[in-house]
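# Reading the structure
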Amino acid sequence: MVTAGIYARISSDPDGTRLGVERQITDCEALADRLGWKVADTYIDNDISAWSGSTRPEYRRMLDDLKNRVIDGVLVWHPDRLHRHPRELEELITLVEDVGGVRIETVTAGDFDLSTSAGRSIARIVGAIARKDSDDASTRLRRKHAELAAAGKVAGGGPRPFGYTQDRLQVVAEEAAVIR
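Residues numbered from 1 in each chain as written. Predicted model: local features only at pLDDT ≥ 70, side-chain atom pairs only at ≥ 80, totals over all residues. Heavy atoms only, no water.

## A look at the sheet that holds strand β2 (residues 38–46)
Across the sheet, which stays open at both edges, the five strands sit in the order β2-β1-β3-β4-β5 with mixed pairing between neighbours. Sheet topology places β2 and β5 (110–111) at the edges, where each strand pairs with a single neighbour. Sitting on the sheet, helix α1 (residues 19–35) is in contact with β1 (3–10), β2, β3 (73–76) and β4 (103–106), with an inclination near 155° to β1. Along the sheet face, helix α2 (residues 57–67) touches β1, β2 and β3 and points at about 150° away from the line of β2. (Pairing = 2+ DSSP bridges. Helix = DSSP H or I, 4+ residues; strand = E, 2+ residues; numbered from the N terminus. Contact = heavy atoms within 4.5 Å. Axes fitted to C-alpha atoms, helices over the stretch in contact; angles between N-to-C directions.)

Right, dumping it as structure tokens:
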């Protein structure tokens, strides 16, 4: 029987609801049941982008557990939840080759057999597409922010910046004094 870890990640959860990662976990648990795998641990990087290069502590812990044979399988909703950078995929491939016997199953894309040349090639192609998708989204967002700035508008989203009202247009005197 495969002893698996579930890895769940979502890039943005500004309200801290964890709804995105909880959906991923639920689907991965159902996949584990279908496969007859035992889930040993769940690794959650909530509100952490893989594209930005931010440290993902739970992803690192999962890799350590694979290396130390605490788990020998990974369940993930989609391959792009694992990585958005080719170098991260290559690190995972090297680990799988070194450890041997690691199984990776996804809810949406089936299994990823990183122990074979064909499996590694498919993973690299899927990874390249995921990276392009992230790069394109970033380009669109930067363009949107430039357009808003040129029009004298403020980009919204995220929590209220300390020192400003929610609309980001008025200074909150008490908070501004603290900043000064």
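## Observations concerning the side chain of D65
Relative to the assigned elements, D65 resides in helix α2. Those residues in contact with D65 that sit more than four places away from it in its chain are D41, Y43, V70 and I71.

## Thoughts on the layout of surface pockets
Considering only enclosed or pocket space, the largest pocket measures out at about 390 Å³ in volume. Taken together, 15 residues make up the lining of the largest pocket; nearest its centre are S11, S12, S49, A137 and L141. The biggest single contributor to the lining of the largest pocket is helix α5 (residues 117–150), with five residues. Residue classes in the lining of the largest pocket are distributed as four nonpolar, seven polar and four charged. Its boundaries defined by the atoms lining it, the second largest pocket holds a volume of some 160 Å³. Along its surface, the second largest pocket is lined by A50, G53, S54, T55, R56, Y59, R60, H85, R87, E88 and E91. Broken down by secondary-structure element, the contributors of at least two residues to the lining of the second largest pocket are α2 and α4 (86–99). Among the elements that make up the lining of the second largest pocket, the one with the highest residue count is α4 (three residues). Tallied by class, residues from the lining of the second largest pocket come to two nonpolar, four polar and five charged. (1 Å grid on protein atoms, 1.4 Å probe; cavity = no way out; pocket = protein on both sides within 12 Å on 5 of 7 lines; lining within 4 Å. Points joined across faces, edges and corners; volume = space filled by probe spheres on them. Nonpolar A, V, L, I, M, F, W, Y, C, P; charged D, E, K, R; others polar.)

## Here's the deal with unusual backbone geometry
Positive phi outside glycine occurs at R18, with the angle close to 65°. Considering the arrangement of structural elements, one finds R18 in the loop between β1 and α1. One non-glycine residue, R69, lies in positive phi territory at about 60°. Locating R69 in the fold gives a position in the loop between α2 and β3.

## Considering the nonpolar core
Ranked by size, the top nonpolar core spans 20 residues in total, and within it M62, L66, L82, L92 and I104 carry the most contacts. Of all the elements, α4 adds the most residues to this core, at five residues. Aside from chain neighbours lying at most four places away, what touches I104 is V74, L82, L92, G110, D111, F112 and L114. Judged by nonpolar contacts, the second largest core, of 11 residues, contains A4, V21, L31 and W37. (Core = buried A, V, L, I, M, F, W, Y, C linked by side-chain atoms within 4.5 Å. Buried < 20%, exposed > 50% of the residue type's maximum accessible area, 1.4 Å probe, protein only.)

## Let's talk about the packing of α2 against α4
Close contact between α2 and α4 brings their axes to 10 Å; oriented N to C, the two are set at 20°. As the angle between them shows, α2 and α4 are arranged roughly parallel. In the crossing of α2 with α4, the sense of the turn from one axis to the other is left-handed. Residues Y59, R60, L63, L66 and K67 of α2 lie in contact with α4, whose contacting residues are E88, E91, L92, L95 and V99. Among the residues forming the contact of α2 with α4, the class breakdown is six nonpolar, no polar and four charged. (Parallel < 35°, antiparallel > 145°, perpendicular 65-115°, else oblique. Left-handed = near helix turned anticlockwise from the far one by under 90°.)

Note that all results are geometric; they support no functional claim without further evidence.
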